[in-house]
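Next come the chains, spelled out residue by residue.
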Amino acid sequence: MLCLIGRARRRKGVVVDERQERWFGVGNSVLPDPAQAGAQACYAALDGRPATLLIVFASPSHSTPEMAAAVHAAAGGEVLMIGCSTSGEYATDGRGAGVVVNALGGPGFAASVRAVPYESMDLYAAGATAASCLDDIDAEHRAVLLLGDGRSADQQEMVRGAYSVAGAQVPLIGGCAGDDMTQTGTWHFFSSGTDVQVLPNAVLGAALGSASPVGIGVAHGWHRSGEPMAVTRSEGGKIYELDGEPALDVYTRLTGCPPEIVADPGAFLQFAAVRPLGLARRTGEDIRIIFAADPDERSISGLADTPEGGLVWFMEADPEALRDAAATAGSAAVAAVGDADPLGVLVFDCCVRLLALGPDGTDLAGRRLGDALRPIPYGGFFSNGEIARNPGAKGMHHLTVVALAVS
Amino acid sequence: MAGWSLLQLTEFFSAITRAGDVASAARIAVQRASESTEAEVAAVVGDGEVASSVGLGRDPDPVLFTGLRATADTTAFPGIGPMYLTMHPLDRSGDGQLILARADEPFTAEERQMLQGMARVLGLALRSLRTLENERRLRREREQEAEARLGLLRALEWRERLLETLLRIQRAANQQTPLGEILSSITDGAQMLLDDVTTALVLREPGDADRLTVASLSGHQSGHDVLVGAARLAMEANSPVTDGPLAAVPVHIGDKVAGGFVIAGRDATSRRPEWRDVLAAFGEQASLALAGASTLAAVHAAQHDPLTGLPNRSLFRQHVQRMLAACPDPATAALLYLDLDLFKQVNDTLGHTAGDELLRGVADRLSAALRSSDMAARLGGDEFAVLVEPLSGVAQAQDIAQQVIDEVARPFEIAGRLVTTRASVGISYNRAGHSVEELIEEADLAMYRAKKTVSGSYREFDESMHTGPAFHSAR
């Protein structure tokens, strides 16, 4: 079994932060040179403090080994680090194509990391291995941060594997790496201490231990529309029939999708990505993004398994709720730490929301997130699948915003 | 929502039927059942063990599940707090159960009904998977047993052949069979038992304990040096040695190491255990045979002409072979082939005893005329051969041939009479790619030409002799 392991250590010769408090810092940079941007973002996040863990989000243009090395070096060169490429990232100061470095440290924080390179094992085992970093952490409050490969076939399997290790006591949170929605490949940045690695399409895990609570928030802003339909024939993510009728026929009728869009894969992706299906759950629904149609088979394809026998609805977005989803998730995460002092928030925001919101809507959503969290620092990225597994959440989400607050 | 649970059950059923073994069926069951009811904790238990669980981390204490009261509808798992519980038997008999626990609200009647359906589906799947696994295991065991039996049978058959071969050799030794034949039967027997190998018995040469000779060889007729080298290693170690495709054991006469028994394969082999058996058995057999012959003198006798004491054809061939391998440059050695004129007349007029005496005299003069590095041999009848090596040039071979002719031409005193004979000598020189047979045949052809033209002279071989009018076989 191939995996990489690291655990936080107190560095020799480093002066302990005089404030003797836990902290969370975010720095971002849109400098064109990836290494310079990485270093700038890291200095801003650390503000001279020794970090327990770095969490790096970088645009594909900045996802280079030089950037990863520069971030790591800027933090003193012996620090745990996880990170991934994105479809856009944001921080307290706004969004842009560059590098966002999130860092945390101080007494009471502990971290341990694992990396599972691409195809070194199945996704279930990869999830279990990534979450096994929990073995190293003994703390009152714990969470596992997962950064998955946004292109892998069944991300839910990865979450299932991680849950088999973490169990109900420890929440799982994270997102899958992005590639600006080009489907060309994702990158992960990893350090278990001294060496820095840039891994293609990997799965990373970081166990976070804290003396104070962590909180999770989930929101999406979509709601059911019309009557439920039974999935009468499907295979994996491909849906052939809904209520006994060809799935594409049902889909085009209910969404009003014109034939010329069905015939053009690029146009259909743009159209369908913001017109998802919802798979029935006991307390809500799992959103299934539709991304392709096969006019010959009259089938539609979703990003995740839509099992035969399942019940689905068409989902509609309430524009306001959609714009508020990030703020809602962030606020819910902060509220979940209770009376503790929230220090910072990590946000994993679905990249398809960029299409649903448009540039102005996305900026507005960002401002609302900032307003909702101010003065708490936060960093986030647009992901290819969002992970939140705690009571009331199944694990893998789409078109959703999930947030983690630390205190 | 009746449709919802039915569809969940359908989904569960199709997932569970894809499971290939008990462990993955149990894993799928706890995952699907927990996900469809949003239960944080789930387990499949049976026979006091947890087949699979989620929600309590890896390898939770089985008692947390197996210790639950059958009628309980709430429980508290450590670290999670109070939870609503539902437990469903997998079948009517047996103690297998599907267990789910959820924190936020109790399981509804519809959910319980659905979970009961899932438990029964799982029970059926597990029963058929267990049957399947048992059958697979039985089949595997049967196959392994059959394979083991076949292997044993082969080993027994082989051992029987080994014993038969040894017995045959033993019988031959007891029947006073000449030593040379016994030694051949030892190398032949070992070679037949092991496919595609060369076997050799290498022995010290009498009078020169450092010099080793291949006394018997079965298999490929080359690579004497390699075989002698392997034997030497075993003799020096006085214990079995292996070296790549070679393996050897020492052979003893009494307490003394007299030689080595060598097996050479094409490459390192998986049949080494068989080699070891054969080496041990035949090495021992060779030691016994040699002990039966009492001394190395018997070995010497097996390789020398009893009348003249010169090496016989077999030993001579080995030396020529060794020379050809060691001297790749042309004309660095010569082979003289001698034939006595008038020998038949001596035999006919003075009798065989006189003939024998003449042969002994010629052998003595021959040996006296040669350098210590040269080797004379009696090939049979009145034919002798000399290996001249090293050779500084053809002139040296010519000189030695002339000396031999001159020595033999001096009268011999036999039974009170002076007997005169002449030697005709053919000379051939080594060249690249020469075989022992070619070298001897060329010297023989040259000797014949000398005898026909000027009796008591020497001739060197040239290619025209192959096609010349005096056809050798017509002699």
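Looking at an unreviewed UniProt entry, chain B carries the name GGDEF domain-containing protein, with the source organism given as Paractinoplanes toevensis.

Caption draft 1: Up close: the overall build of chain A. A count of helices and strands for chain A gives 9 helices and 27 strands. Relative to the globule expectation of 22 Å for 407 residues, the C-alpha radius of gyration of chain A, 21 Å, shows essentially globular dimensions. Taking the principal axes of its C-alpha atoms as reference, chain A extends roughly 70 × 40 × 40 Å. When each of the 407 residues of chain A is scored for burial, the buried share is 61%. On chain A, roughly 14,700 Å² of surface is accessible, and the fraction owed to carbon and sulfur atoms is 50%. Each charge class in chain A can be summarised by its mean position, and for the 29 positive and 47 negative side chains these summaries are 5 Å apart.

Caption draft 2: A look at the overall build of chain B. Scanning chain B from N- to C-terminus turns up 13 helices and 17 strands. For chain B, the C-alpha radius of gyration of 43 Å lies well beyond 23 Å, the compact-globule estimate for 475 residues. A total of 475 residues make up chain B; the buried ones form 47% of that total. Within chain B, counting contacts between residues at least 6 apart in sequence, those at least 24 apart form 59% of the total. Carbon and sulfur atoms make up 52% of the accessible area of chain B, which amounts to about 23,200 Å² in all. Within chain B, one finds 47 positive and 64 negative side-chain charges whose respective centroids are separated by 3 Å.

Caption draft 3: Geometry of the sheet that holds strand 2 (residues 23-29) of chain A. All names here are of chain A. Taken together, the 6 strands give an open sheet; going across it, the order is 2-7-3-4-11-12, and neighbouring strands pair in mixed fashion. A strand with exactly one partner marks an edge of an open sheet, and here the two such strands are strand 2 and strand 12 (197-200). Between one strand axis and the next, the sheet turns by 15 degrees as a mean value, whatever way the strands run. Pairing of strand 2 with strand 7 (residues 99-105), which is carried by 7 bridges, proceeds in the antiparallel orientation. Looking at strand 7, one finds that glycine 25 is bridged to alanine 103. Strands in contact with helix 1 (residues 34-46) are strand 2, strand 3 (53-58) and strand 7; relative to strand 2, the strand with the most contacts, it is inclined by about 150 degrees.

Caption draft 4: View of the side chain of serine 29 of chain A. Residues and elements named next belong to chain A. Note that serine 29 resides in strand 2. Residue serine 29 is classed as buried on the basis of its relative accessible area, which comes to 4%. At 2.5 Å, the side chain of serine 29 and the side chain of glutamine 40 are in polar contact. Once you skip the residues sitting within four places of it in the chain, serine 29 turns out to touch Ala37, Gln40, Ala41, Gly98 and Val99.

Caption draft 5: Here's a closer look at the UniProt feature "domain: GGDEF" (unreviewed entry) in chain B. Using the residue numbers shown here, the UniProt feature "domain: GGDEF" (unreviewed entry) corresponds to residues 331-463 of chain B. Between the C-alpha atoms that bound residues 331-463 of chain B there is a distance of 15 Å. The span itself is 45% helix and 28% strand.

Caption draft 6: Representation of the confidence of the model for chain A within the structure. For chain A, the mean per-residue pLDDT works out to 89, and 93% of the residues sit at or above 70. Low pLDDT, under 50, characterises residues 9-19 of chain A; the stretch is placed with 13 contacts to residues that sit more than four places away or in other chains.

Caption draft 7: The arrangement of the domain arrangement of chain B in detail. Residue and element names in this part refer to chain B. What the domain assignment reports for chain B is domain 1 (2-134), domain 2 (179-302) and domain 3 (304-474). Here the C-alpha centre of domain 3 lies 32 Å away from the C-alpha centre of domain 2. Taken together, the contacts link 12 residues of domain 2 with 8 residues of domain 3. Taking both partners together, domain 2 and domain 3 bury about 840 Å²; carbon and sulfur atoms supply 39% of that area. At the boundary of domain 2 with domain 3, the tally comes to 0 salt bridges.

Caption draft 8: Representation of helix 3 (residues 123-131) of chain A within the structure. Summarising burial for helix 3 of chain A: 7 of the 9 residues are buried, a large majority. Here helix 3 of chain A has its buried residues at Tyr124, Ala126, Gly127, Ala128, Thr129, Ala130 and Ala131 of chain A. In this fold, the buried residues of helix 3 of chain A make contact with strand 8 (110-116), strand 9 (141-148), helix 4 (155-166) and strand 13 (203-210) of chain A together with helix 2 (22-37) of chain B.

Caption draft 9: The arrangement of the state of the cysteines in detail. Residues and elements named next belong to chain A. The tally for this structure, following the rule as stated, stands at 0 disulfides over all chains. No disulfide involves cysteine 350; its sulfur sits 4.9 Å from that of cysteine 351, the nearest cysteine. A relative accessible area of 4% places cysteine 351 in the buried class.

Caption draft 10: Structural detail: the pattern of salt bridges. According to the stated counting rule, one finds 29 salt bridges over all chains in the structure shown. Linking glutamate 157 of chain A and arginine 27 of chain B is a salt bridge whose minimum nitrogen-to-oxygen distance equals 3.4 Å. Within this pair, whereas glutamate 157 of chain A is found in helix 4, its partner arginine 27 of chain B is found in helix 2, the two belonging to separate chains. Residue classification places glutamate 157 of chain A among the buried residues on the basis of a relative accessible area of 19%. The partner of aspartate 104 of chain B in a salt bridge is arginine 102 of chain B, and the shortest N-O contact between them spans 3.5 Å.

Caption draft 11: Main features of a positive patch on the surface. All names here are of chain B. Together, Arg136, Arg139, Arg140 and Arg142 make up a positively charged patch on the protein surface. Positionally, arginine 136 belongs in helix 4 (residues 109-174). Look at arginine 136 and you get partly exposed, because its relative accessible area is 35%.

Caption draft 12: Quick look at helix 8 (residues 319-336) of chain A. Residues and elements named next belong to chain A. A rise of 1.5 Å per residue sets the reference length of helix 8, with its 18 residues, at 26 Å; its end C-alpha atoms lie 26 Å apart and thus fit the reference within 8%. Turning to helix 8, its buried residues are Leu322, Ala325, Ala326, Ala327, Ala329, Gly330, Ala333 and Val334. As for helix 8, its buried residues are in contact with strand 14 (214-219), strand 15 (222-235), strand 22 (311-317), strand 23 (344-350), helix 9 (352-373) and strand 27 (401-406). In the segment just after helix 8, glycine 338 is the residue with positive phi, at about 70 degrees.

Caption draft 13: Highlighting the pairing of strand 20 (residues 290-294) of chain A. All names here are of chain A. Where strand 20 and strand 21 (residues 299-302) come together, 4 bridges link them in antiparallel fashion. Residue pairing for strand 21: alanine 293 is matched across the bridge by isoleucine 300. In this antiparallel pair of consecutive strands, strand 20 and strand 21, the connection spans 4 residues, and arginine 298 shows a positive phi of 60 degrees.

Caption draft 14: Expanded view of the environment of arginine 266 of chain B. Along the polypeptide, arginine 266 of chain B turns up in the loop between strand 10 (256-264) and helix 7 (272-292). By relative accessible area, which is 59% here, arginine 266 of chain B ends up exposed.

Caption draft 15: Region of the structure containing the nonpolar core. Judged by nonpolar contacts, the single largest core of 66 residues is most densely connected at Leu172 of chain A together with Val44 and Leu122 of chain B. It is helix 4 of chain B that contributes the most residues to this core, 9 residues altogether. With near-sequence residues (within four places) excluded, leucine 172 of chain A lies in contact with Val144, Leu146, Val159, Ala162, Tyr163, Ala166, Ile216, Ile387, Ala388 and Arg389 of chain A.

Caption draft 16: Spatial organisation of the interface of chain B and chain A. Contacts between the two partners involve 25 residues from chain B and, on the opposite side, 23 residues from chain A. Both sides together, the interface formed by chain B and chain A hides about 2,200 Å², and carbon and sulfur atoms give 46% of it. Put simply, chain B and chain A have 3 salt bridges between them. In this structure, the connection of chain B to chain A is made through 5 residue pairs in polar contact (both at pLDDT 80 or more). Counting residues per element, the ones that place at least two in the side of chain B that touches chain A are helix 1 (2-16) and helix 2 of chain B.

Caption draft 17: The arrangement of the domain arrangement of chain A in detail. Residues and elements named next belong to chain A. Domain assignment breaks chain A into domain 1 (4-219 + 322-406) and domain 2 (222-316). Each of domain 1 and domain 2 was reduced to a C-alpha centroid, and the two centroids are 31 Å apart. On the side of domain 2, 12 residues touch domain 1, which itself brings 10 residues to the contact. Across the domain 1 to domain 2 interface the summed buried area is about 1,000 Å²; carbon plus sulfur atoms make up 66%. Put simply, domain 1 and domain 2 have 0 salt bridges between them. Our enumeration of links across domain 1 and domain 2 arrives at 0 residue pairs in polar contact (both at pLDDT 80 or more).

Caption draft 18: Up close: the packing of helix 9 (residues 313-326) of chain B against helix 13 (residues 436-453) of chain B. All names here are of chain B. Where helix 9 meets helix 13, the closest approach of the two axes is 9 Å, and the angle between their N-to-C directions is 110 degrees. It follows that helix 9 is roughly perpendicular to helix 13 by the angle criterion. Contact with helix 9, carried on its side by Arg317, Val320, Gln321, Met323 and Leu324, involves Val436, Glu437, Leu439 and Ile440 of helix 13 and no other residues of that element. Class assignment for the residues of the contact of helix 9 with helix 13 results in 6 nonpolar, 1 polar and 2 charged.

Calculation criteria
Residues numbered from 1 in each chain as written. Chains lettered and ligands numbered in written order. Predicted model: local features only at pLDDT ≥ 70, side-chain atom pairs only at ≥ 80, totals over all residues. Heavy atoms only, no water. Helix = DSSP H or I, 4+ residues; strand = E, 2+ residues; numbered from the N terminus. Rg over C-alpha atoms; globule rule 2.2 N^0.38 Å. Buried < 20%, exposed > 50% of the residue type's maximum accessible area, 1.4 Å probe, protein only. Areas by Shrake-Rupley, 256 points an atom, 1.4 Å probe, with all protein chains shown as cover. Lys, Arg positive; Asp, Glu negative; His and termini not counted. Charge placed at Lys NZ, Arg CZ, Asp CG, Glu CD. Contact = heavy atoms within 4.5 Å. Pairing = 2+ DSSP bridges. Axes fitted to C-alpha atoms, helices over the stretch in contact; angles between N-to-C directions. Polar contact = N/O pair within 3.5 Å; in protein donor to acceptor, adjacent residues only side chain to side chain. UniProt positions renumbered as here; feature names shortened; annotations may be inferred. pLDDT = per-residue confidence, 0-100. Domains from an automatic or database assignment. Buried area = accessible area lost by both parts, 1.4 Å probe. Salt bridge = Lys/Arg side-chain N within 4 Å of Asp/Glu carboxyl O. Disulfide = S-S within 2.5 Å. Patch = residues over 30% accessible without salt bridge, like charges linked within 9 Å, V, L, I, M, F, W, Y side chains within 5 Å. Expected span 1.5 Å × (residues − 1). Core = buried A, V, L, I, M, F, W, Y, C linked by side-chain atoms within 4.5 Å. Parallel < 35°, antiparallel > 145°, perpendicular 65-115°, else oblique. Nonpolar A, V, L, I, M, F, W, Y, C, P; charged D, E, K, R; others polar.

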